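Here is how the chains run, residue by residue.
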Amino acid sequence: MTPYGKLIILLLLRCSTALGLSPEIAIGDFGQRLWTSENGLPQNSILAITQTRDGYLWLGTQAGLARFDGAGFQVFNTRNSGLPHNDVFALAEDRDGNLWIGTFARGISRYKNGIFTNFGSKEGLTDEVVRCIYTDWRGVLWVGTRTSGVFAFQNGRFQQFSARQGLANDNVRSFSEDAQGNLWIGTENGLSRFRDGNFKTFTTKEGLAANSIRWISRDTLDRLWIATDSGLTVLQEGEFKNPVADGKLSNESVRFVTEDRHRNIWVATDAGLNRIYNGKVTSYANIQRLSQDPILSIYEDREANLWIGTDGGGLIQLNELKFRNFGGPDGLPDHTSYSVLEDRSGNLWIGTRSAGLFRWKDGQKRVYTTEDGLLSNTVFALYEDSAGDIWVGTRGGGINLIRNNAVTSTKLQQLSNLTVRVILQTRDGSYWIGTNNGLNRWKDGEIKTFTTQDGLSHGLIHSLFEDRNGTLWIGTFRGLSRWMDGKFSTISHSEKLKTASIWAIQKDTKGDLWIATYGSGLFHVAGEKITNFTAQDGLFEDTILSIHEDEDENFWMSTYHGIFKVSKKDLLSFELGGLKRISFTAYDAADGMKSSEGVGGVQPSSWKTREGKLIFLTAKGITALDPRNVRTNPLPPPVRLEQIVYDGTTNAANEVGNSVSLPPGNGNLEFHYSALSFVAPEKVKFRYQLHGFDQNWIDASTRRIAYYTKVPPGNYRFQVIACNNDGRWNESGAMLSFRISPHFYQTYWFYGGLILIGLMCIYGFHRLRVRRLRSQFSAVLEERNRISREIHDTLTQNFTAVVLQLETAELTLQEEPNTTRDALQRARELARGGLAESRRFVRALRPAPLEQSDLIAALSVVTAQALGGSGVEYKMQVSGKKRVLPQNVEDNLLRITQEAMSNVVKHAQANQVDIEMIYKLLGVELRIRDDGRGVMHDHTGRYEGGFGFISMRERAAQMRGKVEIQSKPNGGTQIVVHIPRW
């Protein structure tokens, strides 16, 4: 019989709430995991194991040093680090947090902040084959070597102690220390005690099992356990004893011995693992994979996981699980079961998929099959009636009774369908049988069948429940019905419940109904109020196979992906709006279930025992737990930021320290982090936030890398927190402050320079505009003054003369008519002249031809007007790329042309005028040539032309240009106007 031979006693074993491997639990019931080189180990022989205070597990192998975080291994060897040799024999952490690594042929190395520092003969370690390392209570580091005794390391130097000073033998294998501060040294030929600078040796003469010492370990009672190649010895109160009087070790050649926190003494021999508790020895030489290879090392970590290093078989982890399992290897005839029931006598009944009905009590078991009269070997439904008979509903065979431990037939073969999913006896004595096609009631020897025609919501029945008022609730494939006052009704005021597939119904302590569905979540029915909870609200899953309430008012629900627990208090708070999201605790294979896939659709597919323990059926057997004693992990995991990757460049976290400055780049970041919990590392969850960039925390679930792109320059702080498998959060987590330096064009001084340049440009544009406005104002003022002078010199004088002539005419009108007529004639001429002058002034403000056409057309218009009736011919020519000129340029060029044409008509006596407009890259040029008599010039060389030439020059000067006049007597005149680019 296996350790699970006593099925239910072991199946429902109480779980210890304390961390560690309970001595009451067989090793076969512990969770076992195996890591080998296929999982990332550098080599499968684990020579040494230790856990440093930062939480990492370190493993010494023959192919290098491995650091383990629960998810993966980081390997250090001679190729990728400063490790002096790949064969790592010994590991130890000193009280300063330094990791010391003893190698086979290159002495000892210290690992600190990512750097290996090697020590050897130069520092006084003359034997570089290191077998063991130990730090005593004073902080002295002791190193045991193969041929040179021990070395004490202080102040950077090693001091040697060997057989010449009294050591039992120079081949040293182990160290330990007792409560009095004595250092005990195990050698190849005896046990030595070092006290006050002196050695004392103990051998078989004093009671040792053998002189060849392999390991020494001190327990919590200050006993020294001494492993030898011929047995195990314990030193207690100065006396050597044999600790295995009650029992026998699997082999007398003992390699390793250590104590865990439950005071189990774990003993590794050449033939397997042994456990000693209260003097009783249990050997596990034939348990699963532990027997495959010799054990070289054992270590208990901070979470009470036991780590076992084998010789060639890899690394094994043992831990206590929350669930107990029972399946085919333990006596169950079929590992897949559909229904389970505990009767009033304490028998456990299990309906299997294909092997009939299984019964167990007090280690006695029996299987009922068709050979015993069972109608089918597939058992769907189980029920114990008021008489103590067990009703057995089968698939395709109908119903059997188990009465007095024998299978009997029933008179219920006229059921609506022979596949029976659920059976229930109500308080009025009626038996209700739910099938694949209809609900049957058997009462007083009569069967009556009900279908959808009678008011049922669907004919496929999954569950039945009678409440305290005698109302029968029927869970069907499509909706919830109830039988009350002799008739059926369907719950229809909830559309979701109306169409849901009801798989289980549970009553709570208040009498409210909680309804588990297939795909529609959980429903709470309180009177006429119905509330639906789904995965969108935080529920673990929407398909719930079964539901039970524990003594603490928590609901435990089975699903296809595990079992989860949720507080009823939280559900009610969410229902009332107090909670924004439902929280739960989920359990799966990592917690000890053989399979996370539950079983449902029939009743009962799970069971709550009279002691409050829960039994669930899975695809690989039965799993059970005691909700009151579920082992939880109270230790928040240490969180470590292992490396950051910035624009493709990796920086190890121990290199960047607590703060780092990153060069200018693209702002692409990766943060690699870990949380060091080894109970169920796949269930460790993370949240992170990049302060200065993220507004809120990011839920990363189990992902161990955070990605960011295009993070701008600035100061940031990355923080990551994590929780263990039981949801205990390390709220501090790990943090890294860093700065991303900006490119030169992203610096404040660059922005300041741009702002300064911009301000200077604005100021320059402002000054230019002010200057231009002033210039325009001066021009306007000058023009106003000119017009004023013109008006004063012409119109005013003309109008004054007109007034004088009119006054003269008035005085002479009666006596001198001739004089009056002459005065009126002169007044008329003066008025006409004033009118002409006024028209000229108006034309000078904005030439009409330019209002109606472009410059070239306007030049043609004014030329034709000026030369009209004079007999002078003209020709217009344009050179270069024609373009629109500023308004003042076009106005002035047009006026210059008008003046030139006026001169031609009045003075030149010409026959032909040529006008050429030349558009240049850096300006324009206007050429006007006639074939007239030319103009005279004075003794200074200036051409006489009166006010006309002066006006031309003034207008050219307004355009920052100039006028050239070329003329010869009887040789014509050429006027060239040069206007630069404006």
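Residues numbered from 1 in each chain as written. Predicted model: local features only at pLDDT ≥ 70, side-chain atom pairs only at ≥ 80, totals over all residues. Heavy atoms only, no water.

A. How the structure looks around the overall build of the protein chain. In terms of regular secondary structure, the protein chain is built from ten helices and 70 strands. Residues counted as buried form 51% of the 982 residues belonging to the protein chain. Across the protein chain, every contact between residues at least 6 apart in sequence was considered, and the portion connecting residues at least 24 apart equals 52%. When the accessible area of the protein chain is evaluated, it comes to approximately 45700 Å², of which 47% is carbon and sulfur surface. (Helix = DSSP H or I, 4+ residues; strand = E, 2+ residues; numbered from the N terminus. Buried < 20%, exposed > 50% of the residue type's maximum accessible area, 1.4 Å probe, protein only. Contact = heavy atoms within 4.5 Å. Areas by Shrake-Rupley, 256 points an atom, 1.4 Å probe, with all protein chains shown as cover.)

B. Summary view of the pairing of strand 34 (residues 379–384). Judged by how many residues are buried, strand 34 sits mostly within the fold: six of six residues are covered. Direction of pairing for strand 34 relative to strand 35 (residues 390–394): antiparallel, over a ladder of five bridges. Looking at the pairing, Val379 lines up with Thr394 of strand 35. Hairpin connection, strand 34 to strand 35: the antiparallel pair is bridged by five residues, and Gly388 has positive phi, about 90°. (Pairing = 2+ DSSP bridges.)

C. A look at the pairing of strand 45 (residues 487–490). Two elements, strand 44 (residues 479–484) and strand 45, share four bridges in a ladder whose sense is antiparallel. Paired with Arg482 across the two strands is Ser489, which belongs to strand 45. Hairpin connection between strand 44 and strand 45: a loop of two residues separates the two successive antiparallel strands, and Asp485 in this loop has a positive phi of roughly 60°.

D. Summary view of unusual backbone geometry. Here the bond from Gln603 into Pro604 is cis, since omega is 0°, no more than 30 degrees from zero. Positive phi outside glycine occurs at Ala304, with the angle close to 70°. By secondary structure assignment, the location of Ala304 is in the loop between strand 26 (295–300) and strand 27 (306–310). Residue class for Ala304 comes out buried when judged on its relative accessible area of 1%. Backbone geometry at Asn405 places phi at a positive 65°, although glycine is not the residue there. When you line up the elements, Asn405 lands in the loop between strand 36 (399–403) and strand 37 (406–409).

E. Local environment of the sheet that holds strand 70 (residues 973–980). Spatial strand order, 66-67-68-70-69: five strands in an open sheet with mixed pairing. Every interior strand has two partners, whereas the edge strands, strand 66 (873–879) and strand 69 (962–967), have only one. When strand polarity is set aside, the average angle formed by the axes of neighbouring strands in this sheet is 10°. By the bridge criterion, eight bridges tie strand 68 (residues 923–930) to strand 70 in an arrangement that is antiparallel. (Axes fitted to C-alpha atoms, helices over the stretch in contact; angles between N-to-C directions.)

F. Focus on the layout of surface pockets. Empty space within the second largest pocket amounts to approximately 1400 Å³. In this structure, the second largest pocket is lined by 42 residues; those nearest its centre are Leu91, Ile133, Ser174, Trp215 and Phe256. Secondary-structure elements contributing two or more residues to the lining of the second largest pocket are strand 2 (46–51), strand 6 (88–93), strand 10 (130–135), strand 14 (172–177), strand 18 (213–218), strand 22 (254–259) and strand 26. In terms of residue count, strand 26 provides more of the lining of the second largest pocket than any other element does, six residues in total. When grouped by side-chain class, the residues that make up the lining of the second largest pocket number 19 nonpolar, eleven polar and twelve charged. (1 Å grid on protein atoms, 1.4 Å probe; cavity = no way out; pocket = protein on both sides within 12 Å on 5 of 7 lines; lining within 4 Å. Points joined across faces, edges and corners; volume = space filled by probe spheres on them. Nonpolar A, V, L, I, M, F, W, Y, C, P; charged D, E, K, R; others polar.)

G. Molecular detail of the confidence of the model for the protein chain. Of the residues in the protein chain, 87% have a pLDDT of 70 or more, and the chain-wide mean is 87. In the predicted structure, residues 1–17 sits below a pLDDT of 50 and forms 51 contacts with residues beyond four places in sequence or in another chain. (pLDDT = per-residue confidence, 0-100.)

H. Broad picture of the environment of Phe584. With respect to the helices and strands, Phe584 occurs in the loop between helix 3 (568–575) and strand 53 (585–587). When the C-alpha positions of Phe584 and Lys565 are compared, they lie 5.6 Å apart, and in sequence the two are 19 residues distant. Every residue in contact with Phe584, bar those within four places of it in the chain, is listed here: Gly538, Leu539, Phe540, Phe564 and Lys565.

I. View of helix 3. Along helix 3, the residues that are buried comprise Lys568, Leu571, Phe574 and Glu575. Each buried residue of helix 3 sits inside an arc of 125° when the element is viewed along its axis, so together they form one side. For helix 3, the secondary structure elements touched by its buried residues are strand 47 (513–517), strand 48 (522–526), strand 49 (529–533), strand 50 (546–549), strand 51 (554–559) and strand 52 (562–567). Sitting at the head of helix 3, Ser567 places a side-chain oxygen 3.2 Å from the backbone nitrogen of Lys569. Two residues or fewer after helix 3 comes Gly577, characterised by a positive phi angle close to 95°. (Arc of directions from axis to C-beta. Polar contact = N/O pair within 3.5 Å; in protein donor to acceptor, adjacent residues only side chain to side chain.)

J. Layout of the side chain of Thr559. With respect to the element layout, Thr559 can be found in strand 51. Polar side-chain contacts of Thr559 include one of 3.0 Å to the backbone nitrogen of His561. Excluding its chain neighbours within four sequence positions, the residues that come into contact with Thr559 are Phe540, Glu541, Thr543, Leu545, Phe564, Ser596, Glu597 and Gly598.

K. Quick peek at the pattern of salt bridges. The final tally for this structure, using the stated rule, is 32 salt bridges. In this structure, Asp334 and Arg353 form a salt bridge, with 3.6 Å as the shortest nitrogen-oxygen distance. Residue Asp334 is located in the loop between strand 29 (324–326) and strand 30 (337–342), and its partner Arg353 is located in the loop between strand 31 (348–352) and strand 32 (357–361); the two are separated by 19 residues in the primary sequence. On the basis of relative accessibility, which here comes to 6%, the residue Asp334 falls in the buried class. Residues Lys608 and Glu551 are paired through a salt bridge, measuring 3.3 Å at the closest nitrogen-oxygen approach. On the criterion of sequence distance, the pair formed by Lys608 in strand 54 (residues 606–608) and Glu551 in the loop between strand 50 and strand 51 is long-range, its members being 57 residues apart. You can call Glu551 exposed: its relative accessible area is 52%. Through salt bridges with shared partners, a single ionic network connects Lys322, Asp588, Asp591, Lys683 and Asp726. (Salt bridge = Lys/Arg side-chain N within 4 Å of Asp/Glu carboxyl O.)

L. Broad picture of the nonpolar core. Ranked by internal contacts, the top residues of the largest apolar core, which has 33 residues, are Leu885, Leu893, Met917 and Val977. Elements that contribute at least two residues to this core include exactly helix 8 (855–867), helix 9 (887–908), strand 67 (912–920), strand 68, helix 10 (946–958), strand 69 and strand 70. Broken down by element, the residue count for this core peaks at eight residues, all from helix 9. If we skip the residues at most four places from it in the chain, Met917 touches Leu855, Ile856, Gln877, Val878, Ser879, Leu885, Leu893, Val924, Glu925 and Leu926. By size, the runner-up hydrophobic cluster in this structure holds 26 residues, among which are Val660, Ala675, Phe686 and Phe718. (Core = buried A, V, L, I, M, F, W, Y, C linked by side-chain atoms within 4.5 Å.)

M. Molecular detail of the sheet that holds strand 65 (residues 729–740). Here we have five strands laid out as an open sheet, ordered 59-65-64-61-62, and mixed in their pairing. Edge positions in the sheet fall to strand 59 (659–662) and strand 62 (698–701), since each of these pairs with one other strand and no more. Within this sheet the neighbouring strands show an average axis-to-axis angle of 25°, counted without direction. In this structure, strand 61 (residues 685–691) lies alongside strand 64 (residues 714–723), joined through seven bridges in antiparallel fashion. From the neighbouring strand, Lys685 faces strand 64, where its bridge partner is Cys723.

N. Inspection of the side chain of Arg173 at higher detail. With respect to the helices, strands and loops of the structure, Arg173 is situated in strand 14. One polar contact links Arg173 to Ser212, side chain to side chain, over a distance of 2.7 Å. Sequence-distant contacts of Arg173, defined by excluding residues within four places in its chain, comprise Arg131, Cys132, Gly186, Thr187, Glu188, Ser212, Ile213, Arg214 and Trp215.

O. Quick look at helix 8. The terminal C-alpha atoms of helix 8, which comprises 13 residues, lie 18 Å apart, in line with the 18 Å expected from a rise of 1.5 Å per residue. Here helix 8 has its buried residues at Leu855, Ile856, Ala858, Leu859, Val862, Thr863 and Leu867. Buried residues along helix 8 cover an arc of 160° about the axis, so they all sit on one side. (Expected span 1.5 Å × (residues − 1).)

P. Inspection of the packing of helix 8 against helix 9 at higher detail. Two elements in contact, helix 8 and helix 9, have axes separated by 9 Å at closest approach and are oriented at 25°. Here helix 8 is positioned roughly parallel relative to helix 9, judged by the angle of their axes. Helix-helix and strand crossings are classified by hand; for helix 8 and helix 9 the assignment is right-handed. Contact residues: Leu855, Ala858, Leu859, Val862, Thr863, Ala866 and Leu867 in helix 8; Glu890, Leu893, Leu894, Thr897, Gln898, Met901, Val904 and Val905 in helix 9. Tallied by class, the residues present in the contact of helix 8 with helix 9 amount to eleven nonpolar, three polar and one charged. (Parallel < 35°, antiparallel > 145°, perpendicular 65-115°, else oblique. Left-handed = near helix turned anticlockwise from the far one by under 90°.)

Q. Structural context of a nonpolar patch on the surface. There is a patch of nonpolar side chains on the surface, built from Phe744, Tyr745 and Trp749 and spanning about 400 Å² of accessible area. Position of Phe744 relative to the elements: it lies in the loop between strand 65 and helix 5 (748–812). With a relative accessible area of 52%, Phe744 lands in the exposed category. (Patch = residues over 30% accessible without salt bridge, like charges linked within 9 Å, V, L, I, M, F, W, Y side chains within 5 Å.)

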